[in-house]
Amino acid sequence: MERCAARRAPEEERRVRANAREYNEKFQYASNCIKTSKYNIVTFLPVNLFEQFQEVANTYFLFLLILQLIPQISSLSWFTTIVPLVLVLTITAVKDATDDYFRHKSDNQVNNRQSQVLIGGGLRQEQWMNVRVGDIIKLENNQFVAADLLLLSSSEPHGLCYIETSELDGETNMKVRQAIPVTSELGDTGKLAGFDGEVICEPPNNKLDKFGGTLYWKENKYPLSNQNMLLRGCVLRNTEWCFGLVVFAGPDTKLMQNSGRTKFKRTSIDRLMNTLVLWIFGFLVCMGVILAIGNAIWEHEVGVCFQIYLPWDEGVHSAFFSGFLSFWSYIIILNTVVPISLYVSVEVIRLGHSYFINWDKKMYCAKRRTPAEARTTTLNEELGQVEYIFSDKTGTLTQNIMVFSKCSVNGHSYGDVQDVLGAQAELGERPEPVDFSFNPLADPRFRFWDPSLLEAVKLGDPHVHEFFRLLALCHTVMSEERSQGELLYKAQSPDEGALVAAARNFGFVFRSRTPSTITVQELGRAVTYQLLAILDFNNLRKRMSVIVRSPEGRIRLYCKGADTILLERLHPLSADLSTVTTDHLNEYAGEGLRTLVLAYKDLEDGYYEDWAERLRRAGSVPEARDDRLARLYDEVEHDMMLLGATAIEDKLQQGVPETIAILTLANIKIWVLTGDKQETAVNIGYSCKMLTDDMTEVFVVTGHTVLEVREELRKAREKMMDASHSTANGFSYQEKLSSSKLTSVLEAIAGEYALVINGHSLAHALEADMEVEFLETACACKAVICCRVTPLQKAQVVELVKKYKKAVTLAIGDGANDVSMIKTAHIGVGISGQEGIQAVLASDYSFSQFKFLQRLLLVHGRWSYLRMCKFLCYFFYKNFAFTMVHFWFGFFCGFSAQTVYDQYFITLYNIVYTSLPVLAMGVFDQDVPEQRSMEYPKLYEPGQLNLLFNKREFFICIAQGIYTSVLMFFIPYGVFADATRDDGAQLADYQSFAVTVATSLVIVVSVQIGLDTGFWTAINHFFIWGSLAAYFAILFAMHSDGLFHMFPNQFRFVGNAQNTLAQPTVWLTIALTTVVCIVPVVAFRFLKLDLKPELSDTVRYTQLVRKKQKAQHRCMRRVGRAGSRRSGYAFSHQEGFGELIMSGKNMRLSSLALSAGWIETLRKKKGSDASSPDKAPKV
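The text that follows walks through the structure, step by step, so that each part is easy to find. The shown structure was predicted, so the numbers you read here are calculated from the model rather than taken from an experiment.

### A few points about the overall build of the protein chain
Link 1 in the chain: Counting its regular elements, the protein chain contains 43 helices and 33 strands.
Link 2 in the chain: In the protein chain, buried positions account for 54% of the 1179 residues.
Link 3 in the chain: Residue pairs at least 24 apart in sequence account for 74% of intrachain contacts in the protein chain once pairs closer than 6 positions are excluded.
Link 4 in the chain: Taken as a whole, the protein chain presents about 52,200 Å² of accessible surface, with 57% of it coming from carbon and sulfur.

Quick look at the structure:
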């Protein structure tokens, strides 16, 4: 394989000459080879090790290993560090290599696709990676576009071709591209081989909707636009073949320019642990310095008197140098405050959490046979800390399936009987679909529930006929008749497809089109209309029209568009009808349906001829062409007669509104970033309950200049600030301000707001001097919807929130246009939907439906965060309790770097004696069952506030560990000072003391893990009691006769454990140490639970009460009382959960009913520096 092109200097303009590889190669343009992988065989080992040693802990352990290899200071064997370090590095390297292997595999699959390239006058099969800028390639129907091409010619008339752009913008609808007239006739390879035109255009960029350039050929120049381009990632549809000139290849294509870089993702806990490791190392150095100074003083004052019996080691000539060597020896001994096993255990726990996600049957989609998949093992606990979700719309929130739901024709509303409960049951109507069997061309998948509309068609209602005639004519849909009567429509938008399908079923069947005609079968009769003009849709016009001539010679304009635009262009005679239709539109909009208004206008022949001539002249002048055309369109689209309105439902994915409602209650903000147009996105916002009519105001930002956008954002902030002086929901403005976690004053405002912003406005809002204003305005809103955004803008919005809010972000999408956003966010989720697998391949987690996000975050994420925090707290506690004993012992052993425990206990403590119980807790623990996690979303907030493991919790853990170590050392030391054995001999000896302290330590930390475990399983019991049994078994084995005879130099203290543990004094000492260490912890937790319970404590208590009530209820049934179905159901969770979702605003209060005040208190502590609020009564 050829190497992908290296990085080059940025271009100012691009020059491409057709069929001239030698000319184009002098510019060193990139080849069509793409590379998304990070390593190759040569660079893997050095680059991967470099990345791994960026982890502070790995560097720390490497440093310790080097120290242990120096004999003069090594007090422990080198294998205690090197084995676990190599294990950790190997496991991580294998995981990274596996991930990169799949990236290589994907790259090779794409790079080795075949393409037909025009070389030497003939077509030759070439791999994609061998295509070069300036090549002419041939595409056939349903093929992917290999590079960014200038369309030269196609099999369709006028050089038209049809493409699907779902890989680019997430839209599955068809789009039209057209070759410029001068090249559209170059349809055979002979003519194309002689084509030597030169394109001068803009340099590579990420703007999907813009292209500017000029074609120079035969001493003429021809302007080029985006309508002439086929972009890599598109698929050719409904076009037999086309030829294109490669303008941008490989990494220069707009798809790759928008793909973003693969970033190494780390959790906030990982970053905190790096900081803590540095602090611990500093603490370790301080302890080493203290003990080294003590050693130097002791050797100078006391040790010098015993040189005969305790001579200095070879090379040591002074007390100062002895202290220097002692410092390094103590660094090695005390390094177990952060053992390498911590990082091994963290990876094992994360792997377990990933398997739980993969095995979750409730996140399995049977329809698609797709399970949830954790594609990374490093981010699980971050799922429990998400504050912002950035979601794509099409295919993520919606199914991208449009359904013709209701319509209004001449003041009559149709479609109301779609209610399953039968809203008009008293009229004898039944909720059954309308029978379209009279129409042999009807689409069997179409469903409509109001038979009165079909009756109006059959009775010959002229308004209804004209209504459906408009739907059958006013569109840009392409029709393909595969067999007799089998029609397949390809529409530029799903809305158009739904409207044309509706007209088809009601008897007005669009059959075919040519550039100048449209053929419609009207109630069985074929009618061909002459297509005179198409006044196309754009974001400013918000409408489209066609002008047709009927077989009778009548010229009529048919128009459909947004109500805000069309209603003001109606003839005064339509005023009364407009009022009724507006009421219907309001009703439809309230149901979250997408509405369009339909109108028509008859044109006189003379006027049309004059208007058409002016239109032709305006289209031939390149200067201000768009403005001239817009004025002519506007002129003819006036004084129209109203026909009615349509209402289309964009089918949401199952469970989307409920999921958004629950995630909102969990204090997660959801932003929708979509490439779709504004009206569509806003309608979906209402459908999924992100936007509601109860909101104080929905701000729409549509400015085209920097000043306009800045002004619109300023007005939005002013309105919100004005409202902030009043109270909302019983809280004063100041109180809300002080309880806010974020510093922005705007985020404490009263009322609910939403922000809708267009892509061209967002481009200005993301500029450096305005991004903070935009972010403050957006974060003050409950919902944010960004429309018409490019893939790179999606990533920029995510990066903006990451940069200023320091909050955990999650991006979710299903198309290639979402890849950049998914890579940028802390957590990327891919939905395996209709738009390929690019989003899944780039994601950290994947599943098939948006509703599974609720379970991923509230159950798996919350549990993963809880487990990891409890694991870390306990791990630091047990290791400080273990290690600090050496520090206290240093003051009683002449600071000689002598250890309390033997080296086998030191080696096995973190590997065998205490590793499995804490692993079991880290993998299986849970505070409340999964149903309660979903029922009480407020349980999610501690993760967002980072309450369970932070610097404060860390210091509490090490304080408890140091307290335990003090008691662990000084209680046995005090007892052993005067204690005797049963035979009267002195009990105090080094080995007996070591066994007593070690046994006390193992028992105390085992009792502590029992107290910390909130969810007991058989595995927890087995690991805790098994670890204790393993400790005693190994202890007795190491002091046995057998090992002494096999290894007399290693196991010299025969029978010490048996003799020591046979003494009642020793067991009393162990019991006293355990009680004194554990009782304060139990007392503190009891008082905290009783005086200041957390929400999870209250939920657990409520669960116990419910269990008792159910038990009492079962007892009542057993004694013969008739059980009431209603009373039995009163304790069912599902009923409460259903009401929680459906109860609207009350939902917020009910989810907080169980003692959520502790969260608010903590929010106030973490809030801004505002002054303390006056006490305000709470509702």
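Don't stop here, the text continues.
### Concerning the pairing of strand E24 (residues 555-561)
Link 1 in the chain: Of all seven residues in E24, seven are buried, a share of seventy percent or more.
Link 2 in the chain: The side-chain alternation of E24 yields two buried faces, one formed by Ile555, Leu557, Cys559 and Gly561 and the other by Arg556, Tyr558 and Lys560.
Link 3 in the chain: Pairing analysis gives seven bridges linking strand E23 (residues 543-549) to E24, with the strands arranged antiparallel. When the sheet's bridge partners are listed, Met544 is paired in E24 with Lys560.
Link 4 in the chain: In sequence, E23 turns back onto E24 through a hairpin of five residues, with Gly553 there showing a positive phi of about 95°.

### Focus: the environment of Val923
Link 1 in the chain: Topologically, Val923 is positioned in helix H30 (residues 915-924).
Link 2 in the chain: The spatial distance from the C-alpha of Val923 to the C-alpha of His353 is 6.6 Å, given a sequence separation of 570 residues.
Link 3 in the chain: Ignoring any residue separated from it by four or fewer positions in sequence, one finds Val923 in contact with Ile349, His353, Phe356 and Arg867.

### What to know about the nonpolar core
Link 1 in the chain: Counting 99 residues, the largest nonpolar core has Val338, Leu342, Leu872, Tyr901 and Phe905 as the members making the most contacts within it.
Link 2 in the chain: By residue number, the principal contributor to this core is helix H28 (residues 852-890), which donates 18 residues.

### Some remarks on the packing of aromatic side chains
Link 1 in the chain: Taken as a whole and judged by the stated rule, the model has 62 aromatic pairs.
Link 2 in the chain: Between Phe882 and Tyr901, the ring centres sit 5.1 Å apart and the planes meet at 15°, which makes this aromatic pair stacked. Here Phe882, found in helix H28, pairs with Tyr901, found in the loop between H28 and helix H29 (903-913); they are 19 residues apart in sequence, far enough to count as distant. Neither Phe882 nor Tyr901 differs from the other in exposure class; each is buried.
Link 3 in the chain: For the ring pair Phe891 and Phe895, a centre distance of 5.2 Å and an interplane angle of 75° mean the geometry is edge-to-face.
Link 4 in the chain: Classification of Phe891 as partly exposed rests on a relative accessible area of 41%.
Link 5 in the chain: Look at Phe895 and you get buried, because its relative accessible area is 10%.
Link 6 in the chain: Members of the aromatic cluster, joined through ring pairs, are Phe887, Trp888, Phe889, Phe891, Phe892, Phe895, Phe969, Phe970, Tyr973, Phe976, Tyr990 and Phe993.

### As for empty space enclosed by the protein
Link 1 in the chain: Within this structure, the stated rule accounts for two cavities of 30 Å³ or more.
Link 2 in the chain: Reported here for the largest cavity is a volume of approximately 80 Å³.
Link 3 in the chain: Lining the largest cavity, in full, are Tyr901, Asp902, Phe905, Tyr913, Gln991, Ala994, Val995, Ala998, Tyr1031, Leu1035, Met1038 and His1039.
Link 4 in the chain: Partitioned by chemical class, the residues of the lining of the largest cavity number nine nonpolar, two polar and one charged.
Link 5 in the chain: By volume, the second largest cavity amounts to about 30 Å³.
Link 6 in the chain: If you go around the second largest cavity, the residues you meet are Tyr874, Tyr913, Thr914, Pro917, Val1005, Ser1006, Ile1009 and Ser1027.
Link 7 in the chain: Ranked by the residues each element gives to the lining of the second largest cavity, the list is headed by helix H34 (residues 990-1012), at three residues.
Link 8 in the chain: Of the residues in the lining of the second largest cavity, the class split is five nonpolar, three polar and no charged.

### A look at the sheet that holds strand E28 (residues 697-701)
Link 1 in the chain: Overall, mixed pairing links the nine strands, which are arranged E14-E33-E32-E31-E15-E27-E30-E29-E28 in an open sheet. Only two strands of the sheet have a single neighbouring strand rather than two, namely strand E14 (373-374) and E28.
Link 2 in the chain: Taken together, the three bridges between strand E32 (residues 827-831) and strand E33 (residues 845-847) define a ladder with parallel strand orientation. Paired with Gly830 across the bridge in E33 is Ser846.
Link 3 in the chain: Across the face of the sheet, helix H24 (residues 771-779) comes into contact with strand E15 (386-391), strand E27 (669-673), strand E29 (753-758) and strand E30 (783-787) while running at roughly 120° to E27.

### So, a nonpolar patch on the surface
Link 1 in the chain: A cluster of nonpolar side chains, contributed by Ile290, Phe891, Phe892, Phe970 and Tyr973, occupies part of the molecular surface with about 460 Å² of accessible area.
Link 2 in the chain: Position of Tyr973 relative to the elements: it lies in helix H33 (residues 951-978).

### What about unusual backbone geometry?
Link 1 in the chain: Non-glycine residue Lys218 carries a positive phi angle of around 55°.
Link 2 in the chain: The class for Lys218 is exposed, based on a relative accessible area of 61%.
Link 3 in the chain: Residues other than glycine seldom take positive phi values, yet Asn238 does so here, at roughly 50°.
Link 4 in the chain: As for its position among the elements, Asn238 is in the loop between strand E12 (235-237) and strand E13 (241-248).

### Let's talk about the pairing of E13
Link 1 in the chain: Of all eight residues in E13, eight are buried; the element is thus mostly enclosed.
Link 2 in the chain: By the bridge criterion, six bridges tie strand E5 (residues 148-154) to E13 in an arrangement that is antiparallel. By the bridge assignment for E13, Leu150 is matched with Leu245.

### Points about the sheet that holds strand E3 (residues 122-127)
Link 1 in the chain: Spatially, E3-E2-E4-E13-E5-E11 is the arrangement adopted by the six strands of the open sheet, whose pairing is antiparallel. Pairing within the sheet leaves two strands with one partner each, and these edge strands are E3 and strand E11 (229-230).
Link 2 in the chain: The pairing of strand E2 (residues 114-119) with E3 spans six bridges and is antiparallel. Each residue of the ladder has a partner; that of Ile119, found in E3, is Gly122.

### Looking at helix H10 (residues 319-333)
Link 1 in the chain: For H10, built from 15 residues, the straight-helix expectation of 21 Å at 1.5 Å per residue is met to within 8% by its first-to-last C-alpha distance of 20 Å.
Link 2 in the chain: Burial within H10 is extensive, with 11 of its 15 residues counted as buried.
Link 3 in the chain: Elements that come into contact with the buried residues of H10 comprise helix H3 (56-68), helix H9 (268-301) and H28.

### Some points on the environment of Gly395
Link 1 in the chain: Note that Gly395 resides in the loop between E15 and strand E16 (398-409).
Link 2 in the chain: Judged by relative accessible area, which is 13%, Gly395 ranks as buried.
Link 3 in the chain: Separated by 455 residues in sequence, Gly395 and Phe850 have C-alpha atoms that sit 9.2 Å apart.

### Here we look at the environment of Gly861
Link 1 in the chain: You can see Gly861 is positioned in helix H28.
Link 2 in the chain: With relative accessibility at 0%, the residue Gly861 sits in the buried group.
Link 3 in the chain: Put simply, Gly861 and Glu382 are 479 residues apart on the chain and 6.9 Å apart in space, counted from C-alpha to C-alpha.
Link 4 in the chain: Other than its neighbours up to four places away in sequence, Gly861 contacts Asn380, Glu381, Leu383, Gly384 and Leu856.

Here is what the cut-offs are and how they apply
- Residues numbered from 1 in each chain as written.
- Predicted model: local features only at pLDDT ≥ 70, side-chain atom pairs only at ≥ 80, totals over all residues.
- Heavy atoms only, no water.
- Helix = DSSP H or I, 4+ residues; strand = E, 2+ residues; numbered from the N terminus.
- Buried < 20%, exposed > 50% of the residue type's maximum accessible area, 1.4 Å probe, protein only.
- Contact = heavy atoms within 4.5 Å.
- Areas by Shrake-Rupley, 256 points an atom, 1.4 Å probe, with all protein chains shown as cover.
- Pairing = 2+ DSSP bridges.
- Core = buried A, V, L, I, M, F, W, Y, C linked by side-chain atoms within 4.5 Å.
- Phe/Tyr/Trp six-rings, centres within 6.5 Å; stacked < 30°, edge-to-face > 60°.
- 1 Å grid on protein atoms, 1.4 Å probe; cavity = no way out; pocket = protein on both sides within 12 Å on 5 of 7 lines; lining within 4 Å.
- Points joined across faces, edges and corners; volume = space filled by probe spheres on them.
- Nonpolar A, V, L, I, M, F, W, Y, C, P; charged D, E, K, R; others polar.
- Axes fitted to C-alpha atoms, helices over the stretch in contact; angles between N-to-C directions.
- Patch = residues over 30% accessible without salt bridge, like charges linked within 9 Å, V, L, I, M, F, W, Y side chains within 5 Å.
- Salt bridge = Lys/Arg side-chain N within 4 Å of Asp/Glu carboxyl O.
- Expected span 1.5 Å × (residues − 1).

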